[in-house]
Amino acid sequence: MTDLSFLSIDKASRRVSLDGRNPAFYSDPNRVYAALHAECPTFYWVEQKQWFVTGYDTVNALLRDRRFGRQILHIATREELGMPEPADHTRHFDAAEAHSLLELEPPEHTRLRTLVNRAFVSRHVEKMKPEIEELANRLIDAFEKDGKTELLSSFADIIPVTMIARMIGIPEDMGPQLLKWSHDYVGMYMFKRTRADEDAANRSAKEFAEYVRGMIAERRANPQDDLLSHMIHTEHKGQYLTEDELISTTIVLLNAGHEATVHQIGNSVRVILESGLSPAEMFRDEKATERTVEETLRICAPVHIFQRYCLEPAEIDGVSFKRGDKVSMILAAANLDPEKFTEPLTFRPERDEAPNLSFGAGIHFCIGAPLARLELNIVLPLLFQRLPGMRITAPLRVKDVYHFHGLEQLDLAW
Ligand code: HEM
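Since this is a predicted model, take the numbers as computed values, not measurements.

Q: Outline the pairing of strand β3 (residues 42-45), listing residues and values.
A: What you see with β3 is no split at all: Thr-42 and Tyr-44 on one side and Phe-43 and Trp-45 on the other are buried throughout. With 2 bridges joining them, strand β2 (residues 15-17) and β3 adopt parallel strand pairing. Residue pairing for β3: Val-16 is matched across the bridge by Trp-45. Where β3 and strand β4 (residues 50-53) come together, 4 bridges link them in antiparallel fashion. Within β4, the position partnered with Thr-42 by the bridge is Val-53. Here β3 folds back onto β4, and the loop between the two strands holds 4 residues, one of which, Lys-49, carries a positive phi near 55 degrees.

Structure follows, in structure tokens:
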């Protein structure tokens, strides 16, 4: 019997008390999600002062429900909603978020997404396969003879940022700087973030935006065959991306583009090694590899929570929402719904049930999903083929950055 004494569920009122920064929770959230499915799949999280949904059908429907959106200030004022004025010390962060695809709703979202999609599609993600393989092989070459490595710093951290930087057209030697900016930036999404976290995110957003502004000027003068040049020149019905939109989009692509994928490389290797199942069998062909990758995304997703504002009165699973109310979806929990998945807490690479919701659904469906999937489908089999005796050599610690889910480090030997 697992100890869930840190979790309190009042089934009648649907109130749940849980400290999101408690390592007992964020180290192994799946068992908490299982308890929530059993007792109270839609609940009011007391500490977060907000409703959360975990049921697969509820989350899937909410992701597509146009009565809810990522943005609210396009239809109501701060005053009406009782929202505080934006803080001065986060103004650079807020400016970068102002034109982020993730923070907009139609019609702005549709216009921006169409333009970004055009540029993104023109980069032909599939064509990056040989480059991902070459980079992964080169990184493995560097540590194979040592018989051991810390996989996140030597491998997982490097692949997604290098590929997205190359795709956008940012010099590869900017990798470490981009990682630093991005780590600071995503600190804003942490529960109970501190003033120091906010200052770091704001400083990095400012530096990041200034850097991108310089890159844009350079590419306007000297276009290349890269995503940034395509975004500058992509036109749809006479519309182009503005300078601020280009900056926000570049920043969101870089941040979203690697943070989740880094975590997922680590999470997947961990899940596969801990399962005791045969990697050779899991990765025997492309189809089996795809299923294995999807199963790791299902059972150990890298990003757990996404939020929506209620745009017009609506009822979800018996709970009434009014304009301006917030509701959060726990995607990682929806992936464990026993109504959809048999023995949901068990890793079964052969599983062929409902699609996981780790990349979302509806109009905000992850624009980078094809790239992330391609990277995972290439690097995971490669790692296990080249380092067949891989094993975990040190106790694992999950990062205190819930709602992201990833490891502090992953020490391996072979
Ligand atoms: C395993 C890796 C990844 C996961 C699990 C993931 C997950 C997600 C999810 C769940 C959403 C939807 C958010 C919502 O509905 O509010 C999303 C949106 C987004 N993702 Fe990803 N992502 C990953 C990798 C990437 C990559 C590699 C890129 C860029 C190259 C990227 C760029 C974006 C962007 C720009 C959006 C916003 C789309 C929109 O709002 O229209 N993501 N991602």
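So much for the structure itself; the text now carries on.
Q: Residue-level account of the pattern of salt bridges, with values.
A: Using the criterion set out here, one finds 33 salt bridges in the structure. The partner of Arg-323 in a salt bridge is Glu-80, with the nearest N and O atoms 3.1 Å apart. Taken together, the positions of Arg-323 in the loop between β9 (319-321) and β10 (326-330) and Glu-80 in helix α4 (residues 78-81) put the pair 243 residues apart, joining distant regions of the chain. Bridged by salt links that share partners, the residues Glu-295, Arg-298, Arg-351 and Glu-353 form one connected network.

Q: For the sheet that holds strand β7 (residues 305-310), give the residues involved together with the corresponding values.
A: Across the sheet, which stays open at both edges, the 7 strands sit in the order β1-β2-β3-β4-β10-β7-β5 with mixed pairing between neighbours. Edge positions in the sheet fall to β1 (8-10) and β5 (68-69), since each of these pairs with one other strand and no more. Bridging between β7 and β10 involves 5 bridges; their strand directions are antiparallel. In the sheet register, Arg-308 faces β10, and the bridge partner there is Val-327. Where helix α2 (residues 29-39) meets the sheet, it contacts β1, β2, β3 and β10, and its direction lies at approximately 10 degrees from that of β1. In the packing of helix α3 (residues 56-64) onto the sheet, the strands contacted are β4, β5, β7 and β10, and the crossing angle to β10 comes to about 125 degrees.

Q: So what's going on with the sheet that holds strand β12 (residues 411-413)? Which residues, and what values?
A: If you walk across this open sheet you meet the 3 strands as β6-β12-β11, and the pairing is antiparallel. Either end of the sheet is taken by a strand with one partner, and the two such strands are β6 (148-150) and β11 (391-392). In terms of strand pairing, β6 meets β12 through 3 bridges, oriented antiparallel. Bridge assignment links Thr-149 to a residue of β12, and that residue is Leu-412.

Q: Which residues make up the site of the ligand, and what values go with them?
A: What surrounds the ligand is a group of 27 residues, the closest being His-109, Arg-113, Arg-308, His-364 and Cys-366. Contact distances for the ligand include 2.7 Å between an oxygen atom and a side-chain N or O atom of Arg-113. Measuring from an oxygen atom of the ligand, one finds a side-chain N or O atom of Arg-308 at 2.7 Å. Where the shell around the ligand is concerned, the elements lending two or more residues are α6 (108-121), α13 (243-275), β7 and α17 (369-386). Counted by class, the shell around the ligand contains 17 nonpolar, 7 polar and 3 charged residues.

Q: Break down the packing of aromatic side chains for me, with residues and values.
A: A complete count under the given rule lists 15 aromatic pairs for this structure. Ring centres of Phe-68 and Phe-321 lie 5.9 Å apart, and the angle between their planes is 80 degrees; on these two criteria the pair is classed as edge-to-face. In this pair, Phe-68 is assigned in strand β5 and Phe-321 in strand β9, connecting sequence segments 253 residues apart. Given the relative accessible area of 2%, Phe-68 is considered buried. Using a relative accessible area of 5% as the deciding quantity, one classes Phe-321 as buried. Taken together, the aromatic side chains of Phe-25, Tyr-33, Phe-43, Trp-45 and Phe-52 make up a single cluster linked through ring pairs. Over the face of the ring belonging to Phe-341 we find Arg-298, whose NZ or CZ atom lies 5.1 Å from the ring centre.

Q: Can you lay out the layout of surface pockets for me, pointing to particular residues and giving the numbers?
A: There is about 410 Å³ of room inside the second largest pocket. Around the second largest pocket, the lining is made up of 23 residues, and of these Glu-294, Glu-353, Ala-354, Pro-355 and Asn-356 lie nearest the centre. Those elements that provide at least two residues to the lining of the second largest pocket are α3, α15 (286-299) and α17. When residues in the lining of the second largest pocket are grouped by element, the largest group, 7 residues, is from α15. Here the lining of the second largest pocket is built from residues that sort into 8 nonpolar, 4 polar and 11 charged.

Scoring rules and cut-offs
Residues numbered from 1 in each chain as written. Predicted model: local features only at pLDDT ≥ 70, side-chain atom pairs only at ≥ 80, totals over all residues. Heavy atoms only, no water. Buried < 20%, exposed > 50% of the residue type's maximum accessible area, 1.4 Å probe, protein only. Helix = DSSP H or I, 4+ residues; strand = E, 2+ residues; numbered from the N terminus. Pairing = 2+ DSSP bridges. Salt bridge = Lys/Arg side-chain N within 4 Å of Asp/Glu carboxyl O. Contact = heavy atoms within 4.5 Å. Axes fitted to C-alpha atoms, helices over the stretch in contact; angles between N-to-C directions. Near = heavy atom within 4 Å. Polar contact = N/O pair within 3.5 Å; in protein donor to acceptor, adjacent residues only side chain to side chain. Nonpolar A, V, L, I, M, F, W, Y, C, P; charged D, E, K, R; others polar. Phe/Tyr/Trp six-rings, centres within 6.5 Å; stacked < 30°, edge-to-face > 60°. Lys NZ or Arg CZ within 6 Å of the ring centre and 35° of its normal. 1 Å grid on protein atoms, 1.4 Å probe; cavity = no way out; pocket = protein on both sides within 12 Å on 5 of 7 lines; lining within 4 Å. Points joined across faces, edges and corners; volume = space filled by probe spheres on them.

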